[in-house]
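Fold and contact review
For reference, the chains in residue letters:
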Amino acid sequence: MNAVIQKDTINNGAWREDFPTLQRTVHGKPLVYFDTAATAQRPRQVLDAMDQFYRLHNANVHRGVHSLSGEATDLFEQARQLLARYINAASEREVIFTRGTTESVNLVAQAYARPLLRPGDQVVITHMEHHSNIVPWQMVCEQTGAELKVIPVLDDGQLDMQAVPDLLTDNTKILALAHVSNALGTINPVEQICRLARERNITTLLDGAQAMPHLKVDVQAIDCDFYTVSGHKMYGPTGSGILYGREAILDAMQPWQGGGEMIRTVTFEETTYNDLPAKFEAGTPNIAGAIGLGAAADYLQTLGLNNIAAHEQVLLQHATGCLKQVEGLRIIGEAPDKASVISFAVDGVHPHDLGTIVDHDGFAIRTGHHCAMPLIKRFGLPATARVSLGLYNTIEELDAFVPALQKACRMLL
Ligand code: C6P
């Protein structure tokens, strides 16, 4: 383990300095934020970009002839270009601003799947999905008479890849799955799965909410049809996000919501729709959110996704080793390919109690079902405790966490 720790010279805690929230205390103790999977903290660079927009350039976009509106539109569209490059979309027309992953999945379920699906068709998801990649599909299945099928998860937290070919049948129209599991940390083999789907002419949607903060995502290399992003999980603002969609598919789709911006002409008899991406952006968008999200992508690119991933892998290995020393602790999800998310259960201890006690020592962890109830149930648990690590976390924080956790367990047992 020490040999591994020696390699953690990538940022030596310097990245942490960019995050104002991490300078504060909780219950008189320095805040140690281990809940990045729920929402990341924001660096100054993102806060400044949004602050500058509101202080200097605030106006509506694509609507005014005045200077401020032009500036706001330029900043908004620059953010879109940045994000398109960031995920290697073929064009910025493939990048739709949304409120995040939940809205993106609902958009695809209602605007793409609902007109397509017929009774007897199948939508395939996996047992490790977040509710936002389950419920919208259940709703559209109910609306259309299609059937929901589920790829099982193995005991170590990997997908049961052997089950996949049999589940992708002639009736399967859509395959939707998480790139990275929020509850297990498993990184799914999405290139392989998308290839299997493409061979069978099945449309793919990847929930990228937990992948974007940790991995370099290239939607063309993955060869998916849709990819969803939540800005707040990649150090950007809440209520921001994108839906990536292949241009030919988005072009062929009808709009989801009606209103301003998404139209070309309106009469009482007929409305014609705008081109991409505006066709899917009805109403005044979250302009500051989009600009902040662009700044977040810029920030991550400047640090280097490979550097971030290397740092987080060191943290993950160290955390896994340390946690395993705690008596009665079981890690849920030990896939070989994992992002820096660790769920665990301790014999005889309820995770909520654990979370409350370690909070008094300054540690913010998440406890519960992590909005993945079927998955947590599959592991025979009501809830887990989850440590999710971001680029600002350090080995020292992990070393301080273990005694706090042990103390909490002693109090509760
Ligand atoms: N997971 C967690 O603590 P929104 O809320 O739309 O930004 O993201 C929803 C979502 C979708 N998919 C995955 C894999 C996710 O992890 C999340 C959000 C948070 O794990 C909050 S429940």
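Heads up: the structure comes first, above all this text.
Residues numbered from 1 in each chain as written. Predicted model: local features only at pLDDT ≥ 70, side-chain atom pairs only at ≥ 80, totals over all residues. Heavy atoms only, no water.

In the region of the ligand, 16 residues are neighbours, and T102, D207, Q210, S230 and R366 sit closest. Take N182: an N or O atom from its side chain is 2.8 Å from an oxygen atom of the ligand. The separation between an oxygen atom of the ligand and a polar side-chain atom of R366 is 2.4 Å. When the ligand is considered free in solution it has 510 Å² of accessible area, and contact with the protein chains removes 87% of it. (Near = heavy atom within 4 Å. Polar contact = N/O pair within 3.5 Å; in protein donor to acceptor, adjacent residues only side chain to side chain. Areas by Shrake-Rupley, 256 points an atom, 1.4 Å probe, with all protein chains shown as cover.)

Turning to the sheet that holds strand 17 (residues 384-388), a few remarks are in order. Judged by pairing direction, the sheet is antiparallel, and its four strands sit side by side in the order 13-14-17-16 without closing on themselves. Two strands bound the open sheet, and with one partner strand each, they are strand 13 (329-332) and strand 16 (366-368). Mean inter-strand twist for the sheet, computed between neighbouring axes without regard to direction, equals 30°. Of the pairings in the sheet, the one linking strand 14 (residues 341-346) to strand 17 comprises four bridges and is antiparallel in character. Residue pairing in the sheet places I342 in a bridge with V387 of strand 17. Along the sheet, helix 11 (residues 305-324) contacts strand 13 and strand 14; its crossing angle with strand 14, the most-contacted strand, is approximately 5°. (Pairing = 2+ DSSP bridges. Helix = DSSP H or I, 4+ residues; strand = E, 2+ residues; numbered from the N terminus. Axes fitted to C-alpha atoms, helices over the stretch in contact; angles between N-to-C directions. Contact = heavy atoms within 4.5 Å.)

For the coordinates displayed, the defined rule picks out eleven aromatic pairs. Relative to Y392, the ring of Y33 has its centre 6.5 Å away and its plane inclined at 65°; by these criteria the two rings are edge-to-face. On the criterion of sequence distance, the pair formed by Y33 in strand 3 (residues 32-33) and Y392 in the loop between strand 17 and helix 14 (395-412) is long-range, its members being 359 residues apart. Residue Y392 is classed as buried on the basis of its relative accessible area of 1%. Aromatic ring contacts, followed pair by pair, group F19, Y33, Y235, Y299 and Y392 into a single cluster. Over the ring of Y86 we find K216; its NZ or CZ atom is 6.0 Å from the centre of that ring. Positioned above the aromatic ring of F379 is the side chain of R378, whose terminal nitrogen or guanidinium carbon lies 4.6 Å from the ring centre. (Phe/Tyr/Trp six-rings, centres within 6.5 Å; stacked < 30°, edge-to-face > 60°. Buried < 20%, exposed > 50% of the residue type's maximum accessible area, 1.4 Å probe, protein only. Lys NZ or Arg CZ within 6 Å of the ring centre and 35° of its normal.)

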